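Residues per chain, in single letters:
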Amino acid sequence: MGSNMAECHPVAFRWPLKAKLNGAKLIHVDPRFTRTSAVADLHVPIRAGSDIAFLGGLINYVINSKRWNSDPFFKEFAVNYTNAATIISDDFKDTEELDGVFSGLVKFSEPPFWPYNGLEGRYDNATWAYKRGPKPPGPATKDLIAKRAGPPFDDLVRSLKPGPAEKDPTLQNPHCVFQILKRHFSRYTPEMVEKVCGSPKEKFIKVAEMLLENSGRDRTSAFAYAVAWTQHTYGVQMISCCALLQLLLGNIGRPGAGVMALRGHAAIQGSTDVPTLYHSIHGYMNAPSALRPHETLRDYMAAETSPTSYYGHLPKFLVSYLKSMYGTAATAENDFGYDWHPKILGDHSHIASFAAMAEGKVKAMCCVGQNPATSLNGGATRRALRQLDWVVVKDNWLTETATYWYLAPEVKSGEVKIDDIKTEVFFFPSTQIAEYDGSFTNTQRMLQWHSFAAKAPGDCRTDSWFYHNLAKRLKKAYAGSKLSRDQGWNNVTWDFDPDSGEEPLYPGEISARKVLREINGYQTADPKQHLKGFGELKDDGSTTCASWIYCGCYPAWDQNLTARREPDPPGVPGAHLKWGWAWPANRRVMYNRASADLKGNPWSERKRWVWWDPTFVNPPDPKTAKPVPRGKWVGYDVPDFGATKAPDAQPKPDGIALDALSGTQPFIMRADGRGWLFVPAGLVDGPLPTHYEPHESPIQNPLYKQQTSPVHKVWAPGKPYNQLAVVGDPKFPYVISTYRLTEHYLAGAMSRWLPWLAELQPELFIELGKGLAQEKGIKNLDWVVVSSPRGHIRAKALVTDRIGVMNVGGKRIHHVGMPWHWGWMGLSTGDVVNDLTAWVGDPNVSIHEGKAFVCNVEKA
């Protein structure tokens, strides 16, 4: 679901096909019949944007099915490994009681402090919390902060421990999670799924039965998704809904199970791990923020540390990160340089930045590896670019973003005059990925090292060269400053020049291995003493580690584990642990303690993965030299658990991190050690997935009075460059999704310049069904005009049976689809499909809604 894997991830798709040869069933739920559908055992059509209704229907069907209620495996997994039994606050009100919203909703009467957040409102999630007993006695957190307690920061972390959550293992308490979700999804019946999604009832039931048949002790099922699940105003909740379903089916933490995010680029995963994201620093720690209680190092630790999960070690992750940033200048006396670290003050994501840019609030931009001139609401984006004083574009070719000032549609049409554009554009020619050394992190969280294949021509330079030399110039520029705001630059460490004897690929180029060593971490006293894993991190400044989740990928000066390429021998049901290196700790299946039952035995021989070996003789404790009792977690994978924590181990009364969890709590990154069916904190738009309509929809929400997510984001509301359609707007009656082709890549900057690919897919088209084509008098290959409230474009018609009309809520709704790879540069050119899209998005991660909006289609 949410993916056309065969065409958009063709290399990865060989594995589902290999599984199919072994007897696996392949299901594709998608608005279009694609090449993925063609090899699936079952294709189910669905209206774009209605996936939560479909998944919610599966949840309702599963928990009321005979199989789920008669097979003890499902209840055992749910009661012990999820928060199904946990009791929620008496004050919580669900969408069932409030007609589509949750308790705690606050609507904004005026924009929030940062006006480009785009938020329509927010939830106060206090009523979503667990019902708890008394908090353990001990010093108050605020007193420890005031006393500047630590390092070590264990007492501060311990002071954060809440009281024990109340539970009902019988799952009968009306306020327990299971009963709440049962009521929540009760209206998601097969009949309602058909009404909301347009998916035939009999096909929906077949999907549900196939999932039930292929889940349990002996069988597992997996979901794969891509951006057709993320690019919605409730995209995060779609994925959360799938995770909820998989937890109920016992399909998390086990081989052949899980929820796979299909990344669209070799290093997209890596660019969120070692982030290019504004809101996080390395290893998914939140970026310090001026709008949160992050004033001091201890305030940040108190706000961000989860004391009873593995995140109880966050002070070690954070201090080691700050040591990587500021080196010897970071000391315990100055809180390891925390005050030098930049703070964010709102939503600095892509659309928020461009919304601010459009109003002249941003003066300049470095644009590297993206092509915003063809991006979200392209007309508004190019308007924003015209407000800049200067822009740097670093790319392989002269992209649309490098040439918008004289070749954009509005310039060619005379609507905008070149002389009125004040922006100065600088272009830096860039290398291709095969022209430098480095690592990339793929969909499986696997780091793989690659060596350059050829030198780049002319003055092309790597991204690392660009930032390395820019950083050195900035350090030089700030060197004489005594201003407090500049001390971060004066103290930041920057030592990535190649060592003597290491030949740089290009003049002024960095050592890529040096960067990976810095990411891995080392003993501060001896940089050649690498850390073997994040278990060695300290919060006293004695360890340096840029990214705790990558710690262990380079465990010795000359041991780059990401460069390994050794597969398991044939016939071994292993995890290929010697092929590259996967975070965390080279584990290939996360939360794999869940692959064993409460006693530590495999759920079945067929699904054996990680298990408890009570006979294993452990060496003495290296810190105390005391003997360690027998027993260890072993298996085909690196266990995602305390290696010697026995299944019958109990939490330590004053324990933090893993010591606060028992031997039967496998979800060690969650505060209660359990998978969350109900999300008490962490998501801003609700604790349970709920079907809302896309911001632009042809119908009223059939499930609730609330039409759209009450807290989703709308940027530049009411502005002429971000006009939005009303519900059921007769001027824009059709649902449109943008999608991708195998032959082109993203906005086309890496494919439209290649003659082979341009010849295979030479021009822009719109895919529409035969019924709509007949209504409009459109024939195959006719020119058509496609319009939305934001603009209009021309494309060739591709009339097919693969996409068409659906009956939704008693209304016939036509779907159309368009690939978005074109622009005005390159060998193959075409109109910008994103000129049709809007600046609306998800409130959790600010991603745009490009997979479900409305349009009109007319013969040109």
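Residues numbered from 1 in each chain as written. Predicted model: local features only at pLDDT ≥ 70, side-chain atom pairs only at ≥ 80, totals over all residues. Heavy atoms only, no water.

So, the overall build of the protein
We apply this condition: Helical segments are the DSSP runs of H or I of at least four residues, strand segments are the runs of E of at least two, and each set is numbered from the N terminus. Every radius of gyration here is taken over C-alpha atoms, with the globule rule written as 2.2 Å times N^0.38, N being the number of residues. To sort residues, take the accessible area from a 1.4 Å probe on protein chains only and compare it with the maximum for the residue type: under 20% means buried, over 50% means exposed, and anything in between is partly exposed. A contact between two residues is defined here by any heavy atoms of the two lying within 4.5 Å. Residue-level accessible areas treat just the shown protein chains as cover; the underlying method is Shrake-Rupley with a 1.4 Å probe. Charge assignment in this entry is limited to Lys and Arg as positive and Asp and Glu as negative, and neither His nor the chain termini are counted. Where a charge sits is defined by one atom per residue type, namely NZ (Lys), CZ (Arg), CG (Asp) or CD (Glu).
On a plain count of helices and strands, the protein comes out with 26 helices and 28 strands. In terms of overall size, the protein behaves like a compact globule, its C-alpha atoms giving a radius of gyration of 27 Å where 860 residues would be expected to give roughly 29 Å. Viewed in the frame of its principal axes, the protein has a C-alpha envelope of about 80 × 70 × 60 Å. Within the protein, buried positions represent 55% of all 860 residues. Of the contacts formed within the protein by residues at least 6 apart in sequence, a portion of 70% connects residues at least 24 apart. Accessible surface for the protein amounts to roughly 35900 Å². Of this, 55% is attributable to carbon and sulfur atoms. Counting 97 positive and 88 negative side-chain charges, the protein places the centres of these two groups 2 Å from one another.

Focus: helix α20 (residues 400-407)
Taken as a whole, α20 has its buried residues at Glu 400, Thr 401, Ala 402, Thr 403 and Tyr 404. Packing partners of the buried residues in α20 comprise β9 (364-368), α19 (378-385), β10 (390-395), α21 (409-412) and β11 (424-429).

Brief notes about the packing of aromatic side chains
Applied cut-off: Pairing of aromatic rings covers Phe, Tyr and Trp, the last through its six-membered ring, and needs centres within 6.5 Å; plane angles under 30 degrees mean stacked, over 60 mean edge-to-face, and all others mean tilted.
Under the counting rule described, the total for this entry stands at 38 aromatic pairs. The interplanar angle of 65° and the centroid separation of 6.1 Å between the aromatic rings of Trp 609 and Tyr 636 together place this pair among those described as edge-to-face. Placement of the pair is Trp 609 in the loop between β17 (581-582) and β18 (610-613) and Tyr 636 in the loop between β19 (632-635) and β20 (713-714), with a sequence separation of 27 residues. Classification of Trp 609 as buried rests on a relative accessible area of 9%.

Comments concerning the pairing of strand β21 (residues 734-739)
For the record, the criterion: Two strands make a pair as long as DSSP finds a minimum of two bridges between them.
Taking burial as the measure, the 6 residues of β21 include 6 buried ones, the bulk of the element. Burial of the side chains of β21 extends over both faces: Tyr 734, Ile 736 and Thr 738 are buried on one face and Val 735, Ser 737 and Tyr 739 on the other. Strand direction decides the pairing type here: β21 and strand β28 (residues 853-859), joined by 3 bridges, are antiparallel. Paired with Tyr 734 across the bridge in β28 is Cys 855. Strand direction decides the pairing type here: β21 and strand β26 (residues 811-819), joined by 5 bridges, are parallel.

As for the pattern of salt bridges
Heads up, the rule is: Salt bridges are defined by distance alone: a side-chain nitrogen of Lys or Arg within 4 Å of a carboxyl oxygen of Asp or Glu.
Enumeration according to the criterion identifies 35 salt bridges in this entry. A salt bridge links Asp 389 to Lys 422; its shortest N-O distance comes to 3.4 Å. One end of the pair, Asp 389, is in the loop between α19 and β10; the other, Lys 422, is in the loop between α21 and β11, and 33 residues separate them in sequence. We classify Asp 389 as partly exposed; its relative accessible area is 36%. A salt bridge links Asp 495 to Lys 514, with the nearest nitrogen and oxygen atoms 3.3 Å apart. Note that Asp 495 is positioned in the loop between α23 (487-491) and α24 (512-520) and Lys 514 in helix α24, a separation of 19 residues in sequence. Here the residues in one salt-bridge network are Arg 382, Arg 386, Glu 410 and Asp 835, joined through shared partners.

Brief notes about helix α17 (residues 314-326)
Since one α-helical turn is 3.6 residues long, residues separated by three or four positions face the same way. What counts is decided by this rule: For a helix, the expected span equals 1.5 Å multiplied by the number of residues minus one.
The end-to-end C-alpha distance of α17, which contains 13 residues, comes to 18 Å, matching closely the 18 Å that a straight helix rising 1.5 Å per residue would cover. Among all positions in α17, only Leu 314, Pro 315, Phe 317, Leu 318, Val 319, Ser 320, Tyr 321, Leu 322, Lys 323, Ser 324 and Tyr 326 are buried. Immediately beyond the C-terminal end of α17, within one or two residues, lies Gly 327, with a positive phi of roughly 55°.

Notes on the state of the cysteines
Disulfide: a covalent bond connecting the sulfur atoms of a pair of cysteines. Cut-off, in case you're wondering: The criterion for a disulfide is a pair of cysteine sulfur atoms lying within 2.5 Å.
Scanning the model with the defined rule gives 0 disulfides in all. Sulfur of Cys 551: no disulfide; nearest cysteine sulfur belongs to Cys 545 and is 4.3 Å away. Here Cys 551 falls in the buried class, since its relative accessible area comes to 1%.

Remarks on the sheet that holds strand β12 (residues 438-441)
Two orientations exist for strands paired in a sheet by backbone hydrogen bonds: parallel and antiparallel. In space, the 3 strands of this open sheet follow the order β12-β13-β17, with antiparallel pairing throughout. The sheet is open, and its two edges are formed by β12 and β17, each paired on a single side. Where β12 lies against strand β13 (residues 446-450), 4 bridges are found, and the strand directions are antiparallel. Looking across to β13, one finds that Ser 439 is bridged to Trp 449.

Quick look at the packing of helix α4 (residues 51-63) against helix α11 (residues 190-197)
The condition that has to hold: Here an axis means a line fitted to C-alpha atoms, over the contact stretch when the element is a helix, while the angle between two N-to-C directions is reported on a 0 to 180 degree scale. When an angle is under 35 degrees it counts as roughly parallel; over 145 it counts as roughly antiparallel; between 65 and 115 it counts as roughly perpendicular; any other value is oblique. Each residue gets one label: Ala, Val, Leu, Ile, Met, Phe, Trp, Tyr, Cys and Pro are nonpolar, Asp, Glu, Lys and Arg are charged, and the others, such as Gly, are polar.
At their nearest, the axes of α4 and α11 sit 9 Å apart, and the two run at 175° to each other. Accordingly, the angle class assigned to the pair α4 and α11 is roughly antiparallel. On α11, the residues touching Ala 53, Phe 54, Gly 57 and Tyr 61 of α4 are Pro 190, Val 193, Val 196 and Cys 197. Among the residues forming the contact of α4 with α11, the class breakdown is 7 nonpolar, 1 polar and no charged.

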